[in-house]
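Coordinates in review
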Amino acid sequence: QAAAPLHPVAVQCQEAQVVVTVHRDLFGTGRLVKAAELTLGSAACLPVAQSTAESTVTFVAGLHECGSTLQVTPDSLIYKTSLSYKPTPSGNMVVIRTNAAVVPIECHYPRKSNVSSNAVQPTWAPFRSTLSAEEKLKFSLRLMNDDWSTERLANGFQLGESLHLQADVASGNHVPLRLFVDDCVATLSPDRNSSPRYALIDLSGCLVDGRSDDTTSAFISPRPRQETLQFMVDAFRFAGDNRNLIYITCHLKVSPADQAPNPLNKACSFNKASSLWAPVEGTGDICSCCETGNCPLYG
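Residues numbered from 1 in each chain as written. Predicted model: local features only at pLDDT ≥ 70, side-chain atom pairs only at ≥ 80, totals over all residues. Heavy atoms only, no water.

Our working rule: UniProt positions are given in the numbering used here, feature names are shortened, and annotations may be inferred rather than shown by experiment.
The name an unreviewed UniProt entry gives the protein is Zona pellucida sperm-binding protein 3, with Ardeotis kori as the organism. The Function (unreviewed entry) comment attached to the protein in UniProt states, word for word, "Component of the zona pellucida, an extracellular matrix surrounding oocytes which mediates sperm binding, induction of the acrosome reaction and prevents post-fertilization polyspermy. The zona pellucida is composed of 3 to 4 glycoproteins, ZP1, ZP2, ZP3, and ZP4. ZP3 is essential for sperm binding and zona matrix formation." Within the UniProt record for the protein, the comment given under Sequence similarities (unreviewed entry) is "Belongs to the ZP domain family. ZPC subfamily."

**Re the state of the cysteines**
What counts is decided by this rule: Disulfide assignment relies on a single distance test, namely cysteine sulfur atoms paired within 2.5 Å. Runs of E in the DSSP output that reach at least two residues are strands. Runs of H or I that reach at least four are helices, and both are numbered from the N terminus. The buried label goes to any residue with under 20% of its type's maximum accessible area, the exposed label to any with over 50%, and the partly exposed label to all in between, with areas taken from a 1.4 Å probe on protein chains only.
Following the criterion strictly, the structure yields 6 disulfides and no others. The side chain of cysteine 13 participates in a disulfide bridge whose partner is cysteine 107; the two sulfur atoms lie 2.1 Å from each other. Measuring handedness by torsion sign, the sulfur bridge of cysteine 13 and cysteine 107 sits at about -85° and is left-handed. You can see cysteine 13 sitting in strand β1 (residues 9-13) and its partner cysteine 107 sitting in strand β8 (residues 101-110), a full 94 residues away along the chain. The exposure class of cysteine 13 is partly exposed, given its relative accessible area of 35%. Between the sulfur atoms of cysteine 268 and its disulfide partner cysteine 287 the distance amounts to 2.0 Å. Residues cysteine 268 and cysteine 287 are joined through a disulfide that is left-handed, its torsion about the S-S bond being -80°.

**Considerations on the packing of aromatic side chains**
Condition: Stacked, tilted and edge-to-face are the three classes assigned to paired rings of Phe, Tyr and Trp, where Trp is represented by its six-membered ring and a pair needs centres within 6.5 Å; plane angles under 30 degrees give stacked, over 60 edge-to-face, the rest tilted. Charges are assigned to positions over rings by a cutoff of 6 Å between ring centre and Lys NZ or Arg CZ, combined with an angular limit of 35 degrees from the ring normal.
Enumeration over the complete set of coordinates arrives at 6 aromatic pairs. Arranged with centres 5.8 Å apart and planes meeting at 65°, the rings of phenylalanine 27 and tyrosine 85 form a pair that is edge-to-face. Taken together, the residues phenylalanine 27 in the loop between β2 (17-23) and β3 (38-40) and tyrosine 85 in strand β7 (residues 76-85) connect sequence positions 58 residues apart. Under the relative-accessibility criterion, phenylalanine 27 is labelled partly exposed at 39%. The exposure class assigned to tyrosine 85 is buried, which follows from its relative accessible area of 4%. Look at phenylalanine 236 and phenylalanine 238: their rings are 6.3 Å apart centre to centre, the planes differ by 80°, and that puts the pair in the edge-to-face class. Judged by its relative accessible area of 22%, phenylalanine 236 falls in the partly exposed class. By the ring-pair criterion, three or more aromatic residues cluster together here, those being Tyr198, Phe236 and Phe238. Above the plane of the ring of phenylalanine 157 lies arginine 152, whose end atom (NZ or CZ) is 4.0 Å from the centre. Looking at arginine 211, its charged tip hangs above the ring of phenylalanine 270, at a distance of 4.2 Å from the centre.

Laid out in structure tokens, this is it:
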């Protein structure tokens, strides 16, 4: 409310600060209080402006300044402070003619909506892109049958056969996503850092197993859909070890489907006919680091 004798304290709760305008006729008696006797908050902040013509004093403080306190409720953020008036004797007088006063001040902000005074720019990312970062993505890695139609029920293979591996992510209500496999490592125990270990995919999406002379391992191109990536790996076992159970652990990730593949987000196979690395999508140059080994890593 406007500062006037009937409403001597006006408060504006702005986006990041509070503005308090005090009419010096604080008690509506016609006797004006001194600006120096008014302070804001437990830190006793002083006013920033004074209008002689309108007999007002103005305080401006950040929501966290001047010793304010914050109360959080299920629906609101409440910043609390107070305006203090402490009269002092004037001149050589030993008496005062007004009482001290404290005016509580609160600013309430909703927790579940936008309180910014700035207009939403049409170039901002849509709200659903923000939601996609808050929801948990559901990744899966499955052994598939030879025609990729269903999951393979048996996990036994003969040397000379190929493993058909399919990585998926459930996109739900997210913006369109494209799935990548950063790396895959084979081990004899569930611990991906155990020894011996053999890298099938490395360097942020290079199917390095296909670089060996006696393999046909490769990504399947084109994809059946953006959130799925399929690849084949020739069956193998670890030399000098009689154990037949092998664990394959992969690191899966996604990028926006409208983002062009790059050296960090790629799926590259080695083409033995051309002796070149080729991507499932994107330009061939994004795979050049598969040969040099200096690809950026996801960290």
